[in-house]
Amino acid sequence: MKVKVRYLGFIRDMLKKREEEFELEDGALLSDLLNKIAGIYGEPFKTEVYKPGEKDVKTGFVVTVNGVLIGQLHGMDTRLNEGDSVILMTLMSGG
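Residues numbered from 1 in each chain as written. Predicted model: local features only at pLDDT ≥ 70, side-chain atom pairs only at ≥ 80, totals over all residues. Heavy atoms only, no water.

### With respect to the overall build of the chain
Now for step 1: In terms of regular secondary structure, the chain is built from two helices and five strands.
Now for step 2: What you see in the chain, going N to C, is helices and strands ordered as β-α-β-α-β-β-β.
Now for step 3: When burial is assessed residue by residue, the chain has 41% of its 95 residues classed as buried.
Now for step 4: For the chain, contacts bridging at least 24 residues in sequence account for 52% of all contacts bridging at least 6. (Helix = DSSP H or I, 4+ residues; strand = E, 2+ residues; numbered from the N terminus. Buried < 20%, exposed > 50% of the residue type's maximum accessible area, 1.4 Å probe, protein only. Contact = heavy atoms within 4.5 Å.)

### Quick word on the side chain of threonine 90
Now for step 1: Of note, threonine 90 is situated in strand 5 (residues 85-90).
Now for step 2: Judged by its relative accessible area of 19%, threonine 90 is buried.
Now for step 3: A polar contact is formed between the side chain of threonine 90 and the backbone nitrogen of phenylalanine 10, at a distance of 3.0 Å.
Now for step 4: If we skip the residues at most four places from it in the chain, threonine 90 touches Leu8, Gly9, Phe10, Ile11, Gly60 and Phe61. (Polar contact = N/O pair within 3.5 Å; in protein donor to acceptor, adjacent residues only side chain to side chain.)

### Comments concerning the pairing of strand 5
Now for step 1: Relative to strand 5, strand 1 (residues 2-7) runs parallel, the two being bridged by four bridges. Each residue of the ladder has a partner; that of arginine 6, found in strand 5, is isoleucine 87.
Now for step 2: In this sheet, strand 5 lies alongside strand 3 (residues 61-65) in antiparallel orientation, the contact comprising five bridges. The residue bridging phenylalanine 61 from the neighbouring strand is threonine 90, located in strand 5. (Pairing = 2+ DSSP bridges.)

### Some points on helix 2 (residues 30-48)
Since there are 3.6 residues in each turn of an α-helix, residues three or four apart along the chain are aligned in direction.
Now for step 1: Counted at 1.5 Å a residue, the expected span for helix 2 with its 19 residues is 27 Å, but the 18 Å between its end C-alpha atoms falls short.
Now for step 2: The axis of helix 2 is deflected most strongly, by about 130°, at glycine 42, and proline proline 44 appears within four residues downstream.
Now for step 3: Looking at helix 2, one finds that the buried residues are Leu30, Ser31, Leu33, Leu34, Ile37, Ala38, Tyr41, Gly42 and Phe45.
Now for step 4: Packed against the buried residues of helix 2 are strand 1, helix 1 (10-15), strand 2 (19-23), strand 3 and strand 5. (Expected span 1.5 Å × (residues − 1). Bend = angle between axes of the 7 residues up to and from the residue.)

### Some points on a negative patch on the surface
Now for step 1: Negative charge collects at one region of the surface, where Glu21, Glu23, Glu25, Asp26 and Glu82 lie side by side.
Now for step 2: Structurally, aspartate 26 is set in the loop between strand 2 and helix 2.
Now for step 3: By relative accessible area, aspartate 26 is classed as exposed at 66%. (Patch = residues over 30% accessible without salt bridge, like charges linked within 9 Å, V, L, I, M, F, W, Y side chains within 5 Å. Areas by Shrake-Rupley, 256 points an atom, 1.4 Å probe, with all protein chains shown as cover. Salt bridge = Lys/Arg side-chain N within 4 Å of Asp/Glu carboxyl O. Lys, Arg positive; Asp, Glu negative; His and termini not counted. Charge placed at Lys NZ, Arg CZ, Asp CG, Glu CD.)

### Some thoughts on the packing of aromatic side chains
Now for step 1: Inspection of every chain in the model, using the stated rule, returns one aromatic pair.
Now for step 2: Between phenylalanine 10 and phenylalanine 61, the aromatic rings sit 6.1 Å apart at their centres with planes inclined by 50°, giving tilted as the arrangement. Within this pair, whereas phenylalanine 10 is found in helix 1, its partner phenylalanine 61 is found in strand 3, the two being separated by 51 residues in sequence.
Now for step 3: With relative accessibility at 35%, the residue phenylalanine 10 sits in the partly exposed group. (Phe/Tyr/Trp six-rings, centres within 6.5 Å; stacked < 30°, edge-to-face > 60°.)

Below, the structure is given as structure tokens:
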């Protein structure tokens with residue numbers, strides 16, 4: 001199945017990409033997707049955004065699946081489906 005991933009903020013700047021599409025096994029979890037991304041982008045991604053095996057992304061980052069924060073779904077155990085849209089972004093703060 002194919003899943004589209006968009007990168008916003010710091011992650012976009014770090015990876016020098018706005019979005020890409022990943023091919024995953026049917027029934028894949030969000031953790032499977034993030035593990036795949038970590039395998040491609042290596043230590044910078046693992047250090048800053050997500051380290052495989054962790055239960056969440058690093059502090060300062062959020063993930064949505066089809067516009068819903070993963071904390072409102074099943075976290076890293078959120079099951080992905082064909083055509084899902086995942087966004088990895090930096091938390092914003094203002095003043």
